[in-house]
Amino acid sequence: MKNKLKKKIIICTLLIIIINTIILVIWFQFKISPLITNSDRIENIITKEELQESYNSTDELLNSLESISSKYNLKFYVKDTNNKYITSSQKEDNHIFLFTSMIKVDNNIYLLETYAVRRISTMGIIIELIIFQIVTVSILMGSTFLFTRAKIIKPVDKIIADIRNYKLGVRPEKNKLHTEFDLIQNEFVTLVDSLEEEKQNQNRIIASISHDIKTPLTSIIGYSNLIEEENLTKDEMKKYNRKINEKSIHIKNILEGFDDYLSNQNNNTLKLNNIYIKDLVNDLNNDYKIDLENANIKFNVKSKIDNELITIDVLKIKRVFSNMISNSIRYIKNNGKINIYIDKDKTNYIFKVSDNGPGVDEKIISKIFNPLFTTDKSRKISGLGLSICREFILMHKGSIKAYNNNGLTIEFTIPINLNNS
């Protein structure tokens, strides 16, 4: 686009130069050229038709020249052999030299100089040329200004007006592509659309967090009010405290998910480290096995490549497992199972997280990684867990998918040579 605009400016400049040159040529043809091109014709007429071959006296010559001078608007100056003028009049600035010829007068030879009489002086021609140039350049500049106003200033003013109106809540509209400024306008509209979409997502996220926190918070308030009653037994106190703890952990997980989302939006870089697969397996067992089994959920991590050294952002990958496990917990019922299986092929490490829950409807299974998507029909808004999983995996240049296999299985890959991919 920048090159196109530069090309147009160059073309306009060349057009101005060409037009001005053409006008100068026309002016020269009408003003100066006749004085030059007519000299040969005038010489033929004067020397062959008007002047005699010889004159008997100087007076006879001068009388003849005076007659010719008034007839053709010419001036004649005669020199003798001593280079002295025998004519009394003096040459003036507005006289243009045409030709010389030899005249015989009473056996004496004289040199005849012939001049055309201009109607204006040299200074007059210069002033006329300057005025002519000023008028020409003014017309060209005025035309250029009108062209610039129509093609540049107005489109820029429109874009500025759209920016100001957008601040007041008025959405801009795209133009049909005719010029570079239409492209700028359309890019601005695209930017506005993305900003509006992001604004809607942020509003939905805020509403989602508000909704997700409100329910457990209401329960916490309810249980804390019950604890204040004096006639509670120790078992009831423990029960209510346990409920408050569960709801508090739930709120903590919601906020951690939101923190992950903000972290990914503001910082999309990876802090890569090397870790053995067996150490990653141990960390997962230590983090989840006891708590899940206390919740009556069997947890098993199996790996065929324990001694492989994998390059990953360890914290992000652990958040991926955390979000996937939390998602499974929401849907599996009694006697639940969550299994993690780790293997590799020629190019990728392969991770599978599966549960024995009800799975996901095949019609919507491809959408579960979309931000704010939910399979819970009672709610309009969902959390961000699985969408964050996808973002973290894509940052690792891997892939992720979900499918039903006696429950839901989420499979993701990470390139073996991540640093070189």
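What you see is a predicted model, and the numbers here were worked out from it, not measured in a lab.

Cut-off values and rules
Once a new chain begins, its residue numbering starts again from 1 and follows that chain's sequence as written. In keeping with the predicted nature of the model, local features appear solely for residues at pLDDT of at least 70, side-chain atom pairs appear and are counted solely at 80 or more, and the whole-chain, interface and lining totals rest on all residues. Working from all heavy atoms in the structure, the side-chain values ignore hydrogens and water. The helix count covers DSSP runs of H or I at least four residues long, the strand count covers runs of E at least two residues long, and both are numbered beginning at the N terminus. A 1.4 Å probe rolled over the protein chains alone gives each residue an accessible area, and that area as a share of the maximum for its type sets the label: buried under 20%, exposed over 50%, partly exposed in between. Any two residues whose heavy atoms approach within 4.5 Å are treated as being in contact. Methods summary: accessible areas were calculated by the Shrake-Rupley approach with a probe of 1.4 Å, and residue burial reflects only the protein chains presented. Simply put, an axis is a line fit to the C-alpha atoms, just over the touching stretch for a helix, and the angle between two N-to-C directions goes from 0 to 180 degrees. In this scheme, a crossing is called left-handed if the near helix is turned counterclockwise away from the far one by less than a right angle; it is called right-handed if the turn is clockwise. Gly is put with the polar residues, along with every residue not named as nonpolar or charged; the nonpolar set is Ala, Val, Leu, Ile, Met, Phe, Trp, Tyr, Cys and Pro, and the charged set is Asp, Glu, Lys and Arg. In these notes, a set of buried Ala, Val, Leu, Ile, Met, Phe, Trp, Tyr and Cys residues joined through side-chain atoms within 4.5 Å is what counts as a nonpolar core. Here the rule is simple: two strands pair whenever DSSP picks up at least two bridges between them. The arc in question is the one spanned by the directions pointing from the helix axis to the C-beta atoms. Throughout this description, any angle smaller than 35 degrees is read as roughly parallel, any larger than 145 degrees as roughly antiparallel, any in the 65 to 115 degree range as roughly perpendicular, and the remainder as oblique. Patch membership requires more than 30% relative accessible area and the absence of a salt bridge. Residues of like charge join within 9 Å; the nonpolar side chains Val, Leu, Ile, Met, Phe, Trp and Tyr join within 5 Å. A pairing counts as a salt bridge when a side-chain nitrogen of Lys or Arg comes within 4 Å of a carboxyl oxygen of Asp or Glu. Residues scored as charged are limited to Lys and Arg (positive) and Asp and Glu (negative), so that His and the chain ends carry no count. A single reference atom marks each charge: NZ on Lys, CZ on Arg, CG on Asp, CD on Glu.

1. Let's talk about the overall build of the protein
Thinking step 1. On a plain count of helices and strands, the protein comes out with ten helices and eleven strands.
Thinking step 2. When each of the 421 residues of the protein is scored for burial, the buried share is 34%.
Thinking step 3. Intrachain contacts of the protein at a sequence separation of at least 6 include 64% that bridge at least 24 residues.
Thinking step 4. As displayed, the protein has an accessible area near 27100 Å², and 54% of this comes from carbon and sulfur atoms.

2. Quick look at the packing of helix 3 (residues 39-50) against helix 4 (residues 58-72)
Thinking step 1. Here helix 3 crosses helix 4 at 140°, and the two axes come no closer than 12 Å. In terms of crossing hand, the pair formed by helix 3 and helix 4 is right-handed. Note on element contacts: helix 4 touches helix 3 through Ser64, Ile68, Lys71 and Tyr72, opposite Ile45, Ile46 and Glu50.
Thinking step 2. Split by residue class, the contact of helix 3 with helix 4 holds four nonpolar, one polar and two charged.

3. Some thoughts on the nonpolar core
Thinking step 1. Membership of the largest hydrophobic core comes to 43 residues, with the highest contact counts inside it found for Phe321, Met324, Ile340, Phe351 and Phe412.
Thinking step 2. Setting aside residues up to four positions removed in sequence, Phe351 forms contacts with Leu280, Ile310, Phe321, Tyr341, Ile342, Ile410, Glu411, Phe412 and Ile414.
Thinking step 3. With 18 residues, the next largest nonpolar core counts Ile42, Ile68, Ile103 and Leu112 among its residues.

4. Quick look at the pairing of strand 11 (residues 408-415)
Thinking step 1. Within strand 11, eight of the eight residues are buried, leaving the element largely enclosed by the surrounding structure.
Thinking step 2. Burial along strand 11 is two-sided: Leu408, Ile410, Phe412 and Ile414 facing one way and Thr409, Glu411, Thr413 and Pro415 facing the other are all buried.
Thinking step 3. Relative to strand 11, strand 9 (residues 348-355) is paired through seven bridges, and the arrangement is antiparallel. Bridged to Ser354 within strand 11 is Thr409.

5. Re helix 3
Thinking step 1. Taken as a whole, helix 3 has its buried residues at Ser39, Ile42, Ile45 and Ile46. All buried residues of helix 3 lie within an arc of 130° about the axis, which places them on one face of the element. For helix 3, exposure combined with an orientation more than 90 degrees from the buried face picks out Asp40, Lys48 and Glu49.

6. Quick look at the packing of helix 9 (residues 314-331) against helix 10 (residues 385-395)
For any two helices packed against each other, one specifies the crossing angle of their axes together with the interaxial distance.
Thinking step 1. Where helix 9 meets helix 10, the axes come as close as 9 Å, and the angle between the chain directions of the two elements is 150°. Relative to helix 10, helix 9 is oriented roughly antiparallel. Handedness of the crossing formed by helix 9 with helix 10: left-handed. When helix 9 is examined against helix 10, the residues Lys316, Ile317, Arg319, Val320, Asn323, Met324 and Asn327 are found in contact with a partner set consisting of Gly385, Leu386, Ile388, Cys389, Phe392, Ile393 and Met395.
Thinking step 2. Here the contact of helix 9 with helix 10 is built from residues that sort into nine nonpolar, three polar and two charged.

7. What to know about a nonpolar patch on the surface
Thinking step 1. A contiguous nonpolar surface patch, about 550 Å² in accessible area, is contributed by Ile10, Leu14, Ile17, Ile18, Ile22 and Ile26.
Thinking step 2. With respect to the helices and strands, the residue Leu14 is situated in helix 1 (residues 2-31).

8. Side note on a negative patch on the surface
Thinking step 1. Together, Glu228, Glu229, Asp235 and Glu236 make up a negatively charged patch on the protein surface.
Thinking step 2. Inspection of the secondary structure assignment puts Glu236 in helix 7 (residues 234-266).

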